[in-house]
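Architecture and fold: a report
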Amino acid sequence: MSYQLTEEAVDMREAAREFTEKRVYPNAEEWDAKGEVPAEIIKEAQDLGFFGMLIPEKHGGLGLSMLAYSVVIEELSAASAGFGITVSVNNSLFVQALNEFATESLQAKYLPKVAEGWIGAYCLSEAGAGTDIVSIGCTAVDKGDHYLLNGNKLWVTNAGLANLFIVFTKTDPAAGRKGISAFVVEAESEGLSLGKKENKLGIRCSDTREVILVDVKVPKENLIGVEGDGFKTAVGILNGGRIGVGAQAVGIGMAALNEAIKYSKERVQFNQPIANFQAIQFKIADMATRLEASRLLVYRAAALKDTGEKFIHREASMAKLFASQSANYIADQALQIHGGYGYIKEYPVERYFRDARITEIYEGTTEAQLMVISRDLLRD
Ligand SMILES: Cc1cc2nc3c(=O)[nH]c(=O)nc-3n(C[C@H](O)[C@H](O)[C@H](O)COP(=O)(O)OP(=O)(O)OC[C@H]3O[C@@H](n4cnc5c(N)ncnc54)[C@H](O)[C@@H]3O)c2cc1C
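From a predicted model like this one, the values you see are computed outputs, not experimental measurements.

Focus on the domain arrangement of the protein
- Here the protein is described as being made up of domain 1 (7-116), domain 2 (120-228) and domain 3 (231-378).
- One C-alpha centre belongs to domain 1, the other to domain 3, and the line joining them spans 20 Å.
- Around 2200 Å² of area is buried between domain 1 and domain 3 when both sides are counted, 61% of it from carbon and sulfur atoms.
- Interface area lost by domain 1 to domain 3 is led by Met66, Glu74 and Phe101, which between them contribute 26%.
- Arg354 serves as the salt-bridge partner of Asp32, at 2.8 Å between the closest nitrogen and oxygen.

Written out as structure tokens, the structure is:
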């Protein structure tokens, strides 16, 4: 068993660091305050290939391994978790859904467009259907040469930027999980509209909105896989998505730890840096240990996925569960180490504290991960 990162992952980490140091770290506070990432930054990141990391090279992407991809998401998220999730949803939810579950012709229809600059989003959640995805109410009715989609999707990350949406629907409402089907829907489709941008606690620069579908015509060829496969697609995709959120959490934790170490050496109380106090030293040791354990779980799940192993629900959930809880713990402790200064916007730990919170909620809550892991362990 090797604990070394691959050459590809190391090279990509360097490329991501170069980009974040110049373009993301200096601007992250402003994007957080304004609630958006400027279009020119998105374009630069696209030109560097970050939005196409998981698109196969034959379709114009970088064709990276999941491991190298996770390392990049960690770096981007350390600089700005809102920007990290913008890139992550495009790759590990949208692109991966096509890579793993769409026909070759559907991949060829859309992946080159995403490699050239189109952005994708993933519409599963609804007002009445979050953890319980089988209860979605959005419908798709077969009309011969096309499907007609109706319904409302909530909390769609990237909605305001997206050219393409993956939309989960019921094609057979009586069939439970076997009645769910997923489609690629173009943002320009007649009948598709967006709600207002959500005003969020954290990851504020990511664009989250409702997507409303009223009699939206979708060509039959845009069905992902076959009718009734949508549940399998949703669950399969979330494996990769959870590795992405785990990597995002590691990035937030890393940033919070770095700031805590820096501040503890600068802040003088009782005529000495607070880093001299064992109470602070132990906090830092504990934070760093949890961060490293999180990173190893994320890299292990990513490396397993790279071997082609399909059944990685448990590993992906463990990585997301532990990394997200750790990110919240580390951000909380980093804020504590900053004392009152941690509570105001002068220092970035306040943002890390807010940003960490979402990692325990989206792409399956902490409780949902516990359900996946325990079910897997208790199965015969
Ligand atoms: C900023 C943001 C971005 C998002 N982006 C997207 C996106 O791009 N695409 C998308 O489809 N969705 C997205 N979501 C939705 C997100 O995935 C859901 O919020 C999440 O899955 C939880 O669903 P819910 O909010 O309906 O909570 P619920 O499912 O109603 O859960 C409420 C609480 O009950 C718990 N709970 C529920 N069922 C059980 C159970 N059986 N046992 C124990 N506890 C249970 C949950 O863990 C939680 O604590 C986003 C959400 C946010 C806030």
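Some details on the environment of Arg17
- Tracing the backbone shows Arg17 in helix 1 (residues 7-24).
- Sequence separation of Arg17 and Val72 is 55 residues, and the distance between their C-alpha atoms is 8.5 Å.
- Among the polar contacts listed, one links the side chain of Arg17 to the side chain of Glu75, at a separation of 3.1 Å.

Side note on the pairing of strand 2 (residues 139-142)
- Here strand 2 runs beside strand 3 (residues 146-157); their pairing, made up of four bridges, is antiparallel. Bridge pairing links Ala140 to Leu149 in strand 3.
- The turn linking strand 2 back onto strand 3 is made up of three residues, and Gly144 within it adopts a positive phi angle of 90 degrees.

Brief notes about the site of the ligand
- Close to the ligand lie 19 residues; Ser125, Thr131, Trp155, Thr365 and Glu367 are nearest.
- Between a nitrogen atom of the ligand and a side-chain N or O atom of Thr157, the distance comes to 2.8 Å.
- Contact distances for the ligand include 2.7 Å between an oxygen atom and a side-chain N or O atom of Glu367.
- In a pocket analysis with a 2 Å cut-off to the grid points, the ligand is assigned to the largest pocket.

What about the layout of surface pockets?
- Looking at the largest pocket, its volume works out to about 1500 Å³.
- Around the largest pocket, the lining is made up of 48 residues, and of these Gly130, Ile133, Leu238, Arg242 and Gly364 lie nearest the centre.
- Listing elements by their share of the lining of the largest pocket, those giving two or more residues are helix 5 (81-101), strand 1 (120-123), strand 3, helix 7 (230-266), helix 10 (349-357) and helix 11 (366-378).
- It is helix 7 that provides the largest number of residues to the lining of the largest pocket, a total of six residues.
- When grouped by side-chain class, the residues that make up the lining of the largest pocket number 22 nonpolar, 11 polar and 15 charged.
- Looking at which domains feed residues into the lining of the largest pocket, each of domain 2 (120-228) and domain 3 (231-378) supplies at least three.
- Around the second largest pocket sit 20 residues that line it, and Glu100, Phe101, Lys305, Glu309 and Lys310 are the ones nearest its centre.
- Going through the elements one at a time, helix 5, helix 7 and helix 8 (278-306) are the ones with two or more residues in the lining of the second largest pocket.
- Across the lining of the second largest pocket, the residue classes break down as seven nonpolar, seven polar and six charged.

About the thresholds
- Residues numbered from 1 in each chain as written.
- Predicted model: local features only at pLDDT ≥ 70, side-chain atom pairs only at ≥ 80, totals over all residues.
- Heavy atoms only, no water.
- Domains from an automatic or database assignment.
- Buried area = accessible area lost by both parts, 1.4 Å probe.
- Salt bridge = Lys/Arg side-chain N within 4 Å of Asp/Glu carboxyl O.
- Helix = DSSP H or I, 4+ residues; strand = E, 2+ residues; numbered from the N terminus.
- Polar contact = N/O pair within 3.5 Å; in protein donor to acceptor, adjacent residues only side chain to side chain.
- Pairing = 2+ DSSP bridges.
- Near = heavy atom within 4 Å.
- 1 Å grid on protein atoms, 1.4 Å probe; cavity = no way out; pocket = protein on both sides within 12 Å on 5 of 7 lines; lining within 4 Å.
- Sits in = over half its atoms within 2 Å of the grid points.
- Points joined across faces, edges and corners; volume = space filled by probe spheres on them.
- Nonpolar A, V, L, I, M, F, W, Y, C, P; charged D, E, K, R; others polar.

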